[in-house]
Amino acid sequence: MFVTWVRIGGKFRGIGGFAGYFGLTALSLALVLFKGKIPDLFTVVDVNALMLAGMIILARGMARFLNLPMSIKPYILLFMAFILLYVWFALVNTNVRMRIMIFSGTMIPIQVHLLKAEENQRRHAFNTGITTFLFLINFLFKVFLCFFLS
């Protein structure tokens, strides 16, 4: 994706968001490998924060690619709230169930935003829309399970 961004980034708006998403996701998955070797702040909090940041960057890139309006301010506030809650339930009052609900709950509005596409852009976004919808169902299901069945 990085090579695509470098080669044709100027031709299509938002391609950098896709590259940023993949880069941050790869970095977060690499950090997971160090669990138990470095502090949980990095292997638990930072991993999930990087994945959330990547998803926000992806949403911004998708919005630019599809010519959709998107204000980044609500997502910055969402990210800050996520960090505060996630640090609390990861390092102070450890609760995996709450962390799953917090992570999934913050991903839901991003997935909903990604599902929006103008009529003339829908053919470009159809396959991505299917994937995004499946992610949305996944996050909703996780919140439901953690809230009601634990």
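None of the values given here were measured: they were computed from a predicted structure.

**Points about the overall build of the protein chain**
In terms of helices and strands, the protein chain carries 6 helices and 0 strands. For the protein chain, the sequential pattern of α-helices and β-strands runs α-α-α-α-α-α. Looking at the 150 residues of the protein chain, the share that counts as buried comes to 37%. Sequence separation of at least 24 residues holds for 66% of the intrachain contacts in the protein chain that already meet a minimum separation of 6.

**Thoughts on the pattern of salt bridges**
Scanning all chains against the criterion turns up 1 salt bridge. Where Lys35 meets Asp40, a salt bridge forms, and the shortest distance between an N and an O atom there is 3.3 Å. Under the relative-accessibility criterion, Lys35 is labelled partly exposed at 47%.

**Some details on the environment of Gly61**
Here Gly61 shows up in helix 3 (residues 40-65). Sequence-wise, Gly61 and Tyr21 are 40 residues apart; in three dimensions their C-alpha atoms are separated by 9.0 Å.

**Overview of the nonpolar core**
Core analysis: the largest hydrophobic core is formed by 28 residues, its most contacted members being Met55, Leu58, Phe82, Tyr86, Met107, Ile110 and Leu114. When residues of this core are traced back to their parent elements, those giving at least two are helix 2 (15-32), helix 3, helix 4 (73-92), helix 5 (96-114) and helix 6 (122-148). The element contributing the most residues to this core is helix 3, with 10 residues. Within the second largest apolar cluster, 5 residues are counted, among which are Leu24, Leu31, Val47 and Leu50.

**Topic: a nonpolar patch on the surface**
Together, Leu115, Phe126, Ile130, Phe133, Leu134, Ile137 and Leu140 give the surface a local cluster of nonpolar side chains, amounting to about 650 Å² of exposed area. Secondary-structure assignment places Leu134 in helix 6.

**Here's the deal with the confidence of the model for the protein chain**
Of all residues in the protein chain, 87% have pLDDT values of 70 or greater, and the mean over the chain is 87. Per-element averaging of pLDDT across the protein chain places helix 1 (residues 2-8) at the bottom with 66 and helix 4 at the top with 95.

**Regarding the packing of aromatic side chains**
Applying the stated criterion to the full structure yields 7 aromatic pairs. Ring centres of Phe82 and Tyr86 lie 4.8 Å apart, and the angle between their planes is 25°; on these two criteria the pair is classed as stacked. Pair noted here: Phe82 and Tyr86 are both in helix 4, with a separation of 4 residues, about one helical turn. Each member of the pair, Phe82 together with Tyr86, is buried. With a centroid separation of 4.8 Å and 85° between ring planes, the pair formed by Phe147 and Phe148 is classed as edge-to-face. You'll find Phe147 and Phe148 in the same group, each marked exposed.

Cut-offs and rules
- Residues numbered from 1 in each chain as written.
- Predicted model: local features only at pLDDT ≥ 70, side-chain atom pairs only at ≥ 80, totals over all residues.
- Heavy atoms only, no water.
- Helix = DSSP H or I, 4+ residues; strand = E, 2+ residues; numbered from the N terminus.
- Buried < 20%, exposed > 50% of the residue type's maximum accessible area, 1.4 Å probe, protein only.
- Contact = heavy atoms within 4.5 Å.
- Salt bridge = Lys/Arg side-chain N within 4 Å of Asp/Glu carboxyl O.
- Core = buried A, V, L, I, M, F, W, Y, C linked by side-chain atoms within 4.5 Å.
- Patch = residues over 30% accessible without salt bridge, like charges linked within 9 Å, V, L, I, M, F, W, Y side chains within 5 Å.
- Areas by Shrake-Rupley, 256 points an atom, 1.4 Å probe, with all protein chains shown as cover.
- pLDDT = per-residue confidence, 0-100.
- Phe/Tyr/Trp six-rings, centres within 6.5 Å; stacked < 30°, edge-to-face > 60°.

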